[in-house]
Amino acid sequence: MLKSKRTEILAASMLMAPFVVTYGVLFIYPTIKMAQLSLTNAPLIGPGKWVGFDNYFRLASDRLFSVAIWNTLYFVILSVIPSTLIGLLVALGVNRLKGWLQSVVLAAFFLPYVLPVSVVFRIWQWMCDKDFGIAQHVVQLFNNGERLSIFRTIPLFMPAVAIVTIWWLIGFNVLLFIAGLRNISSEIYEAAELDGAGRWTQFRRITWPLVWPVTVLVFTIQLILQLKIFDQVYLFASGGRIDTTIVMVQYILKQAFQMNKGGLAAAASMVLFVLIAALSVPQFQLLRARGDR
Amino acid sequence: VSASAETGADLFAPPRGRRLARLRHLDLLGLVITAATVAGAMLWAFPLYWGLVTTFKPENEVVRPEVQLWPEHFTFQNYIHVLLETKIGIWYVNSLLTSAAVTVLVIVTAAGAGYAISQLNFQADGSSGG
């Protein structure tokens, strides 16, 4: 008995060791080090003097940092809710189709997801180019026939990047929603149909409540992902007025690698970390609890 | 065995009653939804198509502002350039090595830890019992 317990523990620790060691060395240790670093005035490389919470006070009074926070939150609002709703709509549409048509339509929505961000950037920058981009035909309809540099017009920047992001990443949401929809037994729908429930009632009373857990999951994944927005904004803004469209990760990059302020960048990272945790954990619990009613 | 086979057959049987009912009165709203879905898929795939078809266009056609759905002069020149005149082989090997290393390491660490955790007996109240 005791011997088997001991071999069990030995086997378990051997199986867990690679993960625990990797996780500790590559995540826990650097995170603790970063928290320490955020309380010093260290440059990017080398040690610094202890300055207490100075870095955090400096962040609070830095206008660029508040611009970065607002831009990040603005982008989250523009991308998270639409990509969840459009994902559900597309999944509902695709789920009705059958056979090869379903495969082709699903592939059309999923294919952008496999592209690397640089290709996504190239395609859209090419299509939106002021001189030869074909998106200008659409732009001219709304802009009195004038061409417009979409990613150099500040009010259009974040919405445009959000649209590109939704186009790029929707496929994953659609897959999650389709998995959720297929989990709903067709017998429930048959029973509802026999009782005379129309399409809208079936959606309101069966599909929406039963797919709610998936909606919460998609929403949370999107929220965490989009709070960390960096690649698209960095690529589309390069060469433009970067400081007006700056987002939080970009601010961290700028402080650390351009201004050589390791301590300040670490403090900004801590703020982003707390912001993500503070938004996503209660959001997940709250929405999930609502679904349990 | 026979009971499980029966439920299995039930699960995959097409809902015949529903399909017949649907065929009887023409489902106009359903048609509209299907058409909208297919139109959405075409809209979604268009940037991909545009990217693909541009790779077969010579330089001067690429920068035309007109919507030109098929190249006037179809060319493989861009592919020949990339394959023969760049170091794409080295880039490819670099990507391959990185992704192979990541894949192997993630599977080894996650499979081991995942199996160990799956052997724990989780209680309904969230604590893990022996």
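Position numbers for residues count from 1 along each chain, tracking the sequence in the order it is written. Each chain takes a letter, starting from A, and each ligand takes a number, starting from 1, following the order in which they are written. Per-residue local features of the predicted model are confined to residues with pLDDT of at least 70, and side-chain atom pairs are confined, for both listing and counting, to 80 or more; whole-chain, interface and lining totals are unaffected and use all residues. Only hydrogens and water are removed before side-chain values are computed, so all heavy atoms of the structure are retained for them.

**Brief notes about the overall build of chain B**
Okay, so step 1: A count of helices and strands for chain B gives six helices and two strands.
Okay, so step 2: Listed N to C, the secondary structure of chain B is α-α-α-α-α-α-β-β in terms of helices and strands.
Okay, so step 3: Evaluated residue by residue, chain B yields a buried proportion of 18% over its 130 residues.
Okay, so step 4: The contact rule is simple, with two residues in contact once any of their heavy atoms fall within 4.5 Å. Taking as baseline every contact in chain B between residues at least 6 positions apart, the subset at least 24 positions apart corresponds to 7%.
Okay, so step 5: The protein chains shown are the only cover counted for residues, whose accessible areas, like all others here, come from Shrake-Rupley with a 1.4 Å probe. Summed over its atoms, the accessible surface of chain B is roughly 9900 Å², and 70% of this surface lies on carbon and sulfur atoms. Secondary structure counts use DSSP, requiring at least four H or I residues in a row for a helix and at least two E residues in a row for a strand, with both numbered from the N terminus. The buried label applies to any residue whose accessible area, calculated with a 1.4 Å probe on protein chains only, is under 20% of its type's maximum; exposed applies above 50%, and partly exposed to all values in between.

**Section: helix α9 (residues 199–227) of chain A**
Okay, so step 1: Over its 29 residues, α9(A) extends only 36 Å from the first C-alpha to the last, a length that falls short of the 42 Å expected when each residue adds 1.5 Å.
Okay, so step 2: Two axes define the bend at a residue: one fitted to the seven residues ending there, one fitted to the seven starting there, and the bend is the angle between them. Trp212(A) marks where α9(A) bends most, by close to 50 degrees; the proline Pro213(A) follows one to four residues later. The span expected for a helix works out to 1.5 Å for each residue beyond the first.

**A word on helix α5 (residues 117–128) of chain A**
Okay, so step 1: Taking 1.5 Å of rise per residue, the twelve residues of α5(A) would be expected to cover 16 Å, and the 16 Å separating its terminal C-alpha atoms lies within 8% of that figure.
Okay, so step 2: Residues of α5(A) that are buried: Val117(A), Val120(A), Phe121(A), Ile123(A), Trp124(A), Met127(A) and Cys128(A). Each buried residue of α5(A) sits inside an arc of 165 degrees when the element is viewed along its axis, so together they form one side.
Okay, so step 3: Tucked inside the fold, the buried residues of α5(A) contact α6 (136–142), α7 (154–182) and α10 (231–237) of chain A together with α3 (28–54) of chain B. Here the arc refers to the set of directions running from the helix axis out to each C-beta atom.

**Focus: the nonpolar core**
Okay, so step 1: Of all hydrophobic cores here, the largest spans 53 residues; its most connected members are Trp124(A), Phe151(A), Phe157(A), Trp167(A) and Phe236(A).
Okay, so step 2: Elements represented by at least two residues in this core include exactly α3 (63–96), α4 (99–110), α5, α7, α8 (186–194), α9 and α10 of chain A together with α3 of chain B.
Okay, so step 3: The element best represented in this core is α7(A), accounting for 15 residues.
Okay, so step 4: Not counting the four nearest positions on each side in its chain, Phe157(A) is found in contact with Ile150(A), Phe151(A), Val233(A), Phe236(A), Ala237(A) and Thr245(A).
Okay, so step 5: In this text, buried Ala, Val, Leu, Ile, Met, Phe, Trp, Tyr and Cys residues form a nonpolar core when linked through side-chain atoms within 4.5 Å. Grouped together as the second largest cluster of nonpolar side chains are 21 residues, Leu64(A), Ile246(A), Tyr251(A) and Ile252(A) included.

**Details of the interface of chain B and chain A**
Okay, so step 1: Taken together, the contact pairs 31 residues of chain B with 36 residues of chain A.
Okay, so step 2: Summed over both partners, the interface of chain B with chain A comes to about 2900 Å²; 74% of that surface belongs to carbon and sulfur atoms.
Okay, so step 3: Secondary-structure elements contributing two or more residues to the side of chain B that touches chain A are α2 (16–24), α3 and α6 (88–118) of chain B.
Okay, so step 4: Counting residues per element, the side of chain B that touches chain A draws most heavily on α3(B), which supplies 15 residues.
Okay, so step 5: Basically, the charged four are Asp, Glu, Lys and Arg, the nonpolar ten are Ala, Val, Leu, Ile, Met, Phe, Trp, Tyr, Cys and Pro, and anything else, Gly included, counts as polar. For the side of chain B that touches chain A, the per-class residue count stands at 19 nonpolar, seven polar and five charged. Buried area is a sum: the accessible area each of two parts loses on coming together, probed at 1.4 Å, counted once for each and added.

**With respect to the confidence of the model for chain B**
Okay, so step 1: Confidence scores here are pLDDT values: one per residue, from the predictor, ranging 0 to 100. In this model, chain B carries an average pLDDT of 80, and 72% of its residues clear a pLDDT of 70 or more.
Okay, so step 2: As scored by the predictor, the complex reaches a pTM of 0.83 and an ipTM of 0.82.

**Notes on the packing of α8(A) against α9(A)**
Residues and elements named next belong to chain A.
Okay, so step 1: The convention used is that axes are lines fitted to C-alpha atoms, helices contributing only their stretch in contact, and that angles between N-to-C directions extend from 0 to 180 degrees. Between α8 and α9, whose axes approach to 11 Å, the crossing angle comes to 165 degrees. Between α8 and α9, the interaxial angle falls into the category roughly antiparallel. Here α8 runs over α9; the crossing is right-handed. Each of Ile188, Tyr189, Ala192 and Glu193 in α8 lies in contact with α9, whose residues at this interface are Gln202, Ile206, Thr207 and Leu210.
Okay, so step 2: In the contact of α8 with α9, the residues fall into five nonpolar, two polar and one charged. Roughly parallel means an angle under 35 degrees; roughly antiparallel means over 145; roughly perpendicular covers 65 to 115; every other angle is labelled oblique. Definitions for this section: a left-handed crossing has its near helix turned counterclockwise from the far helix by less than a right angle. A right-handed crossing has that turn clockwise.

**Some points on the side chain of Lys254(A)**
Okay, so step 1: Among the secondary structure elements, Lys254(A) is positioned in helix α11 (residues 248–258).
Okay, so step 2: In this structure Lys254(A) touches Leu64(A), Asp243(A), Ile246(A) and Met259(A), once residues within four positions along its chain are discounted.

**A few points about the packing of α3(A) against α9(A)**
Residue and element names in this part refer to chain A.
Okay, so step 1: The N-to-C vectors of α3 and α9 enclose an angle of 140 degrees; their axes lie 9 Å apart at closest approach. Classified by the angle their axes make, α3 and α9 are oblique. Here α3 runs over α9; the crossing is right-handed. Contacts between α3 and α9 involve Thr72, Leu73, Phe75, Val76, Ser79, Val80, Ile81, Ser83, Thr84, Leu88, Leu92 and Arg96 from the former and Arg199, Phe203, Thr207, Trp208, Val211, Thr215, Val218, Phe219, Gln222, Leu223, Gln226 and Leu227 from the latter.
Okay, so step 2: In terms of residue class, the contact of α3 with α9 is made up of 14 nonpolar, eight polar and two charged.

**Topic: unusual backbone geometry**
Residue and element names in this part refer to chain A.
Okay, so step 1: Positive phi is not limited to glycine here, since asparagine 144 has a value of about 50 degrees.
Okay, so step 2: Relative to the helices and strands, asparagine 144 resides in the loop between α6 and α7.
Okay, so step 3: Judged by its relative accessible area of 76%, asparagine 144 falls in the exposed class.

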